[in-house]
Each structure stands twice: as C-alpha cells, then as structure tokens.
Amino acid sequence: MGKIIIGNWKMNKGGADGIALLKKIVQEATTSCKVIICPPYTILREVVDLIQKKQSSILAGAQDCSAFVQGAHTGEVSVGILSDIGVTHVLIGHSERRQMGEGASQIHAKLKAALEGGVHPVLCVGESAKDYAQGLTNKVLEKELTECLGNLPVQFIAYEPLWAIGSGKTPSWAEIGRIHDFIKAKVQSLTGYKPKVLYGGSVTPMNSAEILALETVDGVLVGGASLEAESFLKIGKNA
Ligand code: PEP
C-alpha cells in the first residue's frame, strides 16, 4: 500500500459545495496513494455514491461515530449506519472532540464499536503546546494510547500535536520521525500489531513532500488544505 492521505473537512462543505469539491478531486486525482475523504455526515451518502459511480479508488470516512449500536441516542450516528452506506473509515478521538469533553473511556468504546462494526478506526492522539514545551510529548502519548486502545487492534493512528493543528506550525521532521517510532513501538506492545501512523497538523502542499518522505510517516491527515481541490491534489501528488 502507498501512503495514506486523509482529508478532514470538519464542519465545512456539507452540501453542494462539498460535492463540487469531491468532483474535482475525483476527476484529477492521479495518485498511487490511498485517499480517504471525511466530509460532514450530511453528504456522506452522496460522496459514497459519487465515488462508486466514477469507479474511483477514493474512500469515504466519517469524522466520528457513536459508541452505541442503535437506539435512543438522539443526534448520534452508529457504525452500522456508516457501514451500511459504504463508509470504510472513521476518525475517533480528534482533539476538537476531546475539547468538547470526549474522554478516553468514550474513545475506547467508539474504537471497539468501529472494529466490531467492520469500519476502520483512525485514532487521533497528540500533546498540547504546554506539554510539548515541557518535554512531555511521549508521556502524554503513552497515556492516551494506553487508555484509549487497551488492547484493541487499531491499525491506524494519527499523530496530531494540538499546537500544530491549524496554526501553521509543525514539529521538526526529526521530531515527527522519533515520535512516530515511539507510537509504533507503544501500539505494538499494547496490541501486538504495528500500526500505520499518519501525521496531522498544518500539512500543506509546501511541506507535505518532506513530511511524506519520512520513512516512519505512513500518511497525512489534512484539515485546512483539504478544503481546496488544488492544495489537496498537490499533497496527493507529493505522496
Ligand atoms: C486536523 O484538524 O485534523 C488538521 C490536521 O487540521 P489542519 O491540517 O488544518 O492543521
């Protein structure tokens, strides 16, 4: 498998604008990498249909899922609903959700639900600016991985330093390399599997070639730069 590029549209492009963006990406994507687009729930079905109609290798992912299988959970979307419409991946534990109060036990339950429902979870982990400044990155990651994973065989981890998301800042390439090695070793000791580790946080067409060239980087998770076809496609080409 080549490198993995995930576009996280967050709470943007949830209607005709999202479908127009996807059409451009599908039309021009020529990469050998695995591309996963995570739009808002509102257009997930249409995204899957378009991808299938165009026989594109792009995959559809969700930005979150419920820990519950079904029932009285107003506003929640279950893994079963996602997989029924053709969604193959789901982001879990994104820092923006953690800031809204999502904790490790909830994240663990969502990871378990995704695995049991046959949708690949992508667990997001990362340290705050304060933790980074105090040299606590590994400690924070170890805690997050241990508490969220337990021994669940999650294959995809996104390392997203909170201070790098949407800030234009990134760790040095050497730091990313070291931290990805640390995450791989930790996850392997917890689950027995060596995961794919993606880097996320201010990835742009300008820095993506260097980041993706790092051996321990299996892909990138892109927020802001995934909202324009041109910048997202350029990141794909750099893979
Ligand atoms: C993100 O929030 O997952 C992200 C990587 O955002 P950005 O690329 O905008 O930093």
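Refer to the structure above for everything that follows.
Summarised in this report is the structure supplied together with it. (Residues numbered from 1 in each chain as written. Predicted model: local features only at pLDDT ≥ 70, side-chain atom pairs only at ≥ 80, totals over all residues. Heavy atoms only, no water.)

With that settled, the discussion passes to helix α7 (residues 137–149). Here α7 is 13 residues long and its end C-alpha atoms lie 18 Å apart, about the 18 Å a rise of 1.5 Å per residue gives. Where α7 is concerned, the buried positions are Thr137, Val140, Leu141, Glu144, Leu145, Cys148 and Leu149. Taken down its axis, α7 places every buried residue within 125 degrees of arc, on the same side. Every exposed residue of α7 that faces more than 90 degrees away from the buried side is listed here: Lys139 and Lys143. Structurally, α7 contributes buried residues whose contacts are with α4 (95–98), α5 (104–116), β5 (120–125), α6 (129–133), β6 (156–159) and α8 (173–191). Once α7 ends, the next one or two residues include Gly150, with phi positive near 60 degrees. (Helix = DSSP H or I, 4+ residues; strand = E, 2+ residues; numbered from the N terminus. Expected span 1.5 Å × (residues − 1). Buried < 20%, exposed > 50% of the residue type's maximum accessible area, 1.4 Å probe, protein only. Arc of directions from axis to C-beta. Contact = heavy atoms within 4.5 Å.)

As a further point, take the nonpolar core. Side chains of nonpolar character tend, in soluble globular proteins, to be buried together. Core analysis: the biggest nonpolar cluster contains 63 residues, and Ile5, Ile25, Leu111, Leu123, Ile157 and Ile183 have the highest contact counts within it. Once you skip the residues sitting within four places of it in the chain, Ile183 turns out to touch Val125, Leu141, Leu145, Ile157, Tyr159 and Val197. Judged by nonpolar contacts, the second largest core, of 11 residues, contains Cys38, Ala158, Leu198 and Leu221. (Core = buried A, V, L, I, M, F, W, Y, C linked by side-chain atoms within 4.5 Å.)

Glancing now at the site of the ligand. Near the ligand lie 15 residues; those nearest to it are Lys10, Glu160, Gly166, Ser202 and Gly223. For the ligand, an oxygen atom lies 2.5 Å from a polar atom in the side chain of Lys10. In the model, an oxygen atom of the ligand is placed 2.8 Å from a nitrogen or oxygen of the Gly223 main chain. About the coverage of the ligand: the protein hides 95% of its 290 Å² of free accessible area. Here the residues of the shell around the ligand sort into four nonpolar, eight polar and three charged. (Near = heavy atom within 4 Å. Polar contact = N/O pair within 3.5 Å; in protein donor to acceptor, adjacent residues only side chain to side chain. Areas by Shrake-Rupley, 256 points an atom, 1.4 Å probe, with all protein chains shown as cover. Nonpolar A, V, L, I, M, F, W, Y, C, P; charged D, E, K, R; others polar.)

This part takes up the side chain of Glu175. Inspection of the secondary structure puts Glu175 in helix α8. No salt bridge is formed by the buried Glu175. Its closest oppositely charged neighbour is Arg178, at 4.8 Å. Looking at Glu175, its side chain comes within polar contact range of the side chain of Tyr132, at 2.7 Å. (Lys, Arg positive; Asp, Glu negative; His and termini not counted. Salt bridge = Lys/Arg side-chain N within 4 Å of Asp/Glu carboxyl O.)

This brings us to the sheet that holds strand β8 (residues 219–222). Backbone-to-backbone hydrogen bonds pair the strands of a sheet. The strands run either parallel or antiparallel. If you walk around this closed barrel you meet the eight strands as β1-β2-β3-β4-β5-β6-β7-β8, and the pairing is parallel. Going from strand to strand, the sheet's axes swing by 25 degrees on average, the running direction of each strand aside. Strand direction decides the pairing type here: strand β4 (residues 89–92) and β5, joined by four bridges, are parallel. Bridged to Val90 within β5 is Pro121. (Pairing = 2+ DSSP bridges. Axes fitted to C-alpha atoms, helices over the stretch in contact; angles between N-to-C directions.)

Most of strand β2 (residues 34–38) is tucked away, with four of its five residues classed as buried. One ladder, built from five bridges, connects strand β1 (residues 4–8) with β2; its direction is parallel. By the bridge assignment, Ile4 is partnered in β2 with Lys34. For β2 and strand β3 (residues 59–62), the ladder comprises two bridges, and the chain directions are parallel. Bridge pairing in β3 links Ile37 to Ala60. You can see the chain leave β2, run along helix α2 (residues 44–53) and come back into β3, and the turn it takes is right-handed. (Right-handed = clockwise from strand over helix to strand, strands pointing away.)

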